[in-house]
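Geometric and topological summary
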2 protein chains.
Amino acid sequence: MRRLAAVALIALVAAAPAPKPKTPSEIVTAAPKADWREVAAEDLLVFELEGGRKVVMQLAPDFAPIHVANIRALARGGWWDGAKIYRVQDNYVVQWGNNESDKPFPAGVVAKPPAEYHRARQGVTITPLGSPDAYAPAAGFAGGWPVAYDPKAGTANLAHCYAMVGVGRDLSPDTGSGGELYAVIGHAPRHLDRNIAVVGRIVQGIEHMSSLPRGTEALGFYKERSSDVPIVRARLVADLPAAERPRFEYLAGPSFAAYLHARKNRQDDFFIRPAGGADLCNVNVPVRAVPAG
Amino acid sequence: MRRLAAVALIALVAAAPAPKPKTPSEIVTAAPKADWREVAAEDLLVFELEGGRKVVMQLAPDFAPIHVANIRALARGGWWDGAKIYRVQDNYVVQWGNNESDKPFPAGVVAKPPAEYHRARQGVTITPLGSPDAYAPAAGFAGGWPVAYDPKAGTANLAHCYAMVGVGRDLSPDTGSGGELYAVIGHAPRHLDRNIAVVGRIVQGIEHMSSLPRGTEALGFYKERSSDVPIVRARLVADLPAAERPRFEYLAGPSFAAYLHARKNRQDDFFIRPAGGADLCNVNVPVRAVPAG
């Protein structure tokens, strides 16, 4: 009997349909704690908009260290307390800061930072996207960031994907101080890659920016100053009392690899033709608030 | 004197720096009338949202003829009069129709259209993008539309770029009637290509959709029915009195070729590193209201 049962079991297993591949969201939900990497508190900045709306930005010191140091100094010096969102251009960017103001920079801000538009490829661990990229010889993911890179030139840069944050600047050689920032709220404007310092991304609350009324002036600037959206304050999470610190983590390790594969080969019940590839900015690295407990 | 003047002029011309390449917007502004193609009135549909906000959609009968015929029949039969925008998912789509309603389809609507997810490549004149595409062997532009195509399989399909409109459906083999539509309001969800019928794009007023509050339920559905945005009516432009018809045209011909080249090789004063390529959905075919006169 025992032997027969074993045979029957094998037959049963053989007859069962192949297990359905997990969907991207099932992979995220099932990812073990070991595949989540927490973002350091000094790399998180909370913008509080009028009405209590909060927007949390993750900084990218590995890619634009001097601009990021500026942004930390600007936050600590109260630069964004009373600043404004003054530009909302559809399918492009939301921009904020102290435009057309004579508010002085706080101490410690480098007025003319170097052009941190790309960095050395060396020292950056990249999970390749494995699909062609229209803007660079190769693309992939490094520390949770979407990156483009050039193996021949030995350079790597953050890509202008949705919710990524860059530094507003005037014409070259100006690189912008970090005092005026913009977030992408449309299709990735990748032509800006390597022409602007990309300094981070919005990890929570992008909808408070992307759903704002569009500006009617050229480039989406608001016509009336009364349309500007007040920013009450900006605080580095590292400067908040421990109990009040929001915490975030991004997906990495084998779970991210499985997620990337599933994003490129959608086999949910809905899909009849998996693409077999994905655009860098359509992968959307999972980032979430660290679950309680 | 005359001869000397001529020589001096030649010297002057030779010494002048090479003319600066035109920017994409300069090319659009300078495009002659012959390079603009007008959209047929029967291919334009005006949605009027509450508050007089108008959203104009261009239909794509060359790619999804049966779904487009359905949409015309739905419009003429009053399907969208009193419909609602009930889903706004950040970085994804806005969706509208008569969800969870028992409103019957007007006469002439094909309840189960075939899967018009791609068409024969033959008969489609394509200007190649000339940059790699992550979702298809090739990509380009046909009649003003962003398309992906497979020269080997002999197929072509509309791409899910920003503002493109697709047909909401349930699981396959359902293809959707056209009664529930969505517009892309984020980074191009190209994984939907060839899995859904794409039937057109918003050519005016997308900001009335993209700036709506995001829905808080799964997939961006609004939680409360009171959050739904009422659609007062939808009218085919061909059914409007001639004097009231909005008219649109898209860029084609040599001006579009020049525009595409300039989009791939940005040399505005702002840019220090032209990309040498572009993503299909970051080219943004120029579409405008036909200028008066």
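Source: prediction; values computed, not measured. (Residues numbered from 1 in each chain as written. Chains lettered and ligands numbered in written order. Predicted model: local features only at pLDDT ≥ 70, side-chain atom pairs only at ≥ 80, totals over all residues. Heavy atoms only, no water.)

1. Focus on the relation of the copies chain B and chain A
Put simply, the test is: Alignment of the copies relies on least squares applied to C-alpha atoms, considering only residues that score at least 70 for pLDDT in both. Contacts are residue-level and defined by heavy atoms, with any inter-residue pair within 4.5 Å sufficient.
With an RMSD of 0.0 Å, the operation that places chain B on chain A is a rotation of 180° combined with a shift of 0.0 Å along the axis. The transformation relating the two chain copies, once decomposed into turn and shift, fits a two-fold axis. Counting the interface residues of chain B, we find that 100% of their copies in chain A are interface residues as well, pointing to one common contact surface.

2. Considerations on the state of the cysteines
Residue and element names in this part refer to chain A. In plain terms, the rule: Only a pair of cysteine sulfur atoms within 2.5 Å counts as a disulfide in this structure description. What counts as a helix is a DSSP run of H or I of at least four residues, what counts as a strand is a run of E of at least two, and both are numbered from the N terminus. Accessible area is worked out with a 1.4 Å probe on protein chains only. A residue is then buried under 20% of its type maximum, exposed over 50%, and partly exposed in between.
Per the counting criterion, the structure on display carries two disulfides over all chains. For Cys 161, the disulfide goes to Cys 281, at an S-S distance of 2.0 Å. Across the S-S bond of Cys 161 and Cys 281 the torsion is about -70°, and the bridge reads as left-handed. Pair noted here: Cys 161 is in the loop between strand S10 (155-158) and strand S11 (164-167) and Cys 281 is in the loop between helix H5 (253-264) and strand S16 (287-289), with a separation of 120 residues, a long-range link. By the burial criterion, Cys 161 is buried, and Cys 281 matches it.

3. Thoughts on empty space enclosed by the protein
Note the cut-off: Using a grid of 1 Å spacing that covers the protein atoms alone, one calls a set of points a cavity when a 1.4 Å probe fits there but cannot get out, and a pocket when the set is open and has protein on both sides within 12 Å along at least five of seven lines; lining residues are those with an atom within 4 Å of a point. Grid points are joined across faces, edges and corners, and a volume is the space filled by probe spheres set on the points. Throughout this entry, Asp, Glu, Lys and Arg are counted as charged residues, while Ala, Val, Leu, Ile, Met, Phe, Trp, Tyr, Cys and Pro are counted as nonpolar. The remaining residues, Gly among them, count as polar.
In this structure the tally under the stated criterion is five cavities of 30 Å³ or more. Within this model, the largest cavity holds a volume of roughly 120 Å³. Taken together, 16 residues make up the lining of the largest cavity; nearest its centre are Pro 132, Ala 134 and Asp 279 of chain A together with Ala 134 and Asp 279 of chain B. A breakdown of the residues in the lining of the largest cavity according to their chemical character gives eight nonpolar, two polar and six charged. The space that makes up the second largest cavity amounts to roughly 70 Å³.

4. Remarks on the interface of chain B and chain A
The cut-off we apply is this: As used here, buried area is the combined drop in accessible area, with a 1.4 Å probe, of two parts when they are placed together. We define a salt bridge as a contact between a side-chain nitrogen of Lys or Arg and a carboxyl oxygen of Asp or Glu at a distance within 4 Å. Each polar contact in these results corresponds to two N or O atoms within 3.5 Å; when the atoms are within protein, one needs to be able to donate a hydrogen and the other to accept it, and residues that are neighboring in sequence are counted only if both atoms are side-chain atoms.
Between chain B and chain A, the contact holds 45 residues from the first and 46 residues from the second. The three residues of chain B that bury the most area against chain A are His 187, Phe 270 and Arg 273 of chain B, which together make up 19% of that side's buried surface. At the surface where chain B touches chain A, the tally comes to zero salt bridges. Inspection of the chain B/chain A interface yields 25 residue pairs in polar contact (both at pLDDT 80 or more). Per-class residue counts for the side of chain B that touches chain A are 19 nonpolar, 13 polar and 13 charged.

5. Considerations on helix H3 (residues 65-76) of chain B
Residues and elements named next belong to chain B. Heads up, the rule is: Helix span, expected: 1.5 Å multiplied by one less than the number of residues in the helix.
Given a rise of 1.5 Å per residue, twelve residues ought to cover 16 Å, and the 16 Å separating the end C-alpha atoms of H3 matches this to within 8%. Within the span of H3, buried status applies to His 67, Val 68, Asn 70, Ile 71, Arg 72, Ala 73, Leu 74 and Ala 75. Lining the buried residues of H3 we find strand S2 (44-49), strand S3 (54-59), strand S11 (164-167), strand S12 (181-184), strand S13 (198-204) and strand S14 (229-236).

6. Some words on the sheet that holds S14 of chain B
Sheet strands pair by backbone hydrogen bonding; their relative direction is either parallel or antiparallel. All names here are of chain B. For the record, the criterion: Any two strands between which DSSP finds at least two bridges are classified as paired. Interaxial angles span 0 to 180 degrees and are taken between N-to-C directions of axes, which are lines fitted to C-alpha atoms, for helices over the stretch in contact.
Pairing is antiparallel around the closed barrel formed by eight strands, whose spatial order is S2-S3-S13-S11-S12-S5-S4-S14. Averaged over all pairs of adjacent strands, the angle between their axes in this sheet comes to 35°, without regard to strand direction. Two strands pair when backbone bridges link them, and S11 and S13 are joined in this way by three bridges, in the antiparallel orientation. Counted as the bridge partner of Gly 166 is Val 198 from S13. Contacts between H3 and the sheet are confined to S2, S3, S11, S12, S13 and S14, with S14 contributing the most and set at about 110° to the helix.

7. A closer look at the pattern of salt bridges
Residues and elements named next belong to chain A. Counting across every chain of the model gives 26 salt bridges over all chains. The closest approach of N and O atoms between Glu 249 and Lys 33, which form a salt bridge, is 2.8 Å. Pair noted here: Glu 249 is in strand S15 (residues 248-251) and Lys 33 is in the loop between helix H2 (24-30) and strand S1 (36-38), with a separation of 216 residues, a long-range link. Given a relative accessible area of 1%, Glu 249 falls into the buried group. For Asp 133, the salt bridge goes to Arg 190, with nearest N and O atoms at 2.9 Å. Highlighted residues: Asp 133 in the loop between strand S7 (127-128) and strand S8 (138-142) and Arg 190 in the loop between strand S12 (181-184) and strand S13 (198-204), separated in sequence by 57 residues. Each member of the pair Asp 133 and Arg 190 is classed as buried.

8. Concerning the confidence of the model for chain A
All names here are of chain A. Spelled out, the test is: The pLDDT value expresses, per residue, how confident the predictor is, ranging between 0 and 100.
For chain A, mean pLDDT is 93; residues scoring 70 or higher make up 94% of the total. Segment residues 1-14 is flagged for pLDDT under 50; beyond a separation of four residues in sequence, or across chains, it makes zero contacts in the model. Model confidence for the complex: the whole-complex pTM is 0.94, and ipTM, which rates the interface, is 0.93.

9. Side note on unusual backbone geometry
Looking along the chain, the bond that leaves Ser 172 of chain A and enters Pro 173 of chain A is cis, with omega of 15°. Backbone geometry at Arg 194 of chain B places phi at a positive 65°, although glycine is not the residue there. Locating Arg 194 of chain B in the fold gives a position in the loop between S12 and S13.

10. Considerations on the environment of Pro 21 of chain A
Residues and elements named next belong to chain A. Looking at the secondary structure, you find Pro 21 in the loop between helix H1 (2-15) and H2. In this structure, the C-alpha to C-alpha distance between Pro 21 and Asn 265, residues 244 residues apart in sequence, is 9.7 Å. For Pro 21, the residues in contact, after removing those within four places along its chain, are Glu 26 and Gln 267.

11. Some details on the side chain of Asn 157 of chain B
Within the secondary structure, Asn 157 of chain B is located in strand S10 (residues 155-158). In contact with Asn 157 of chain B, other than residues within four places in its own chain, are Phe 63, Tyr 117, His 118, Pro 146, Val 147, Ala 148, Asp 193 and Arg 194 of chain B.

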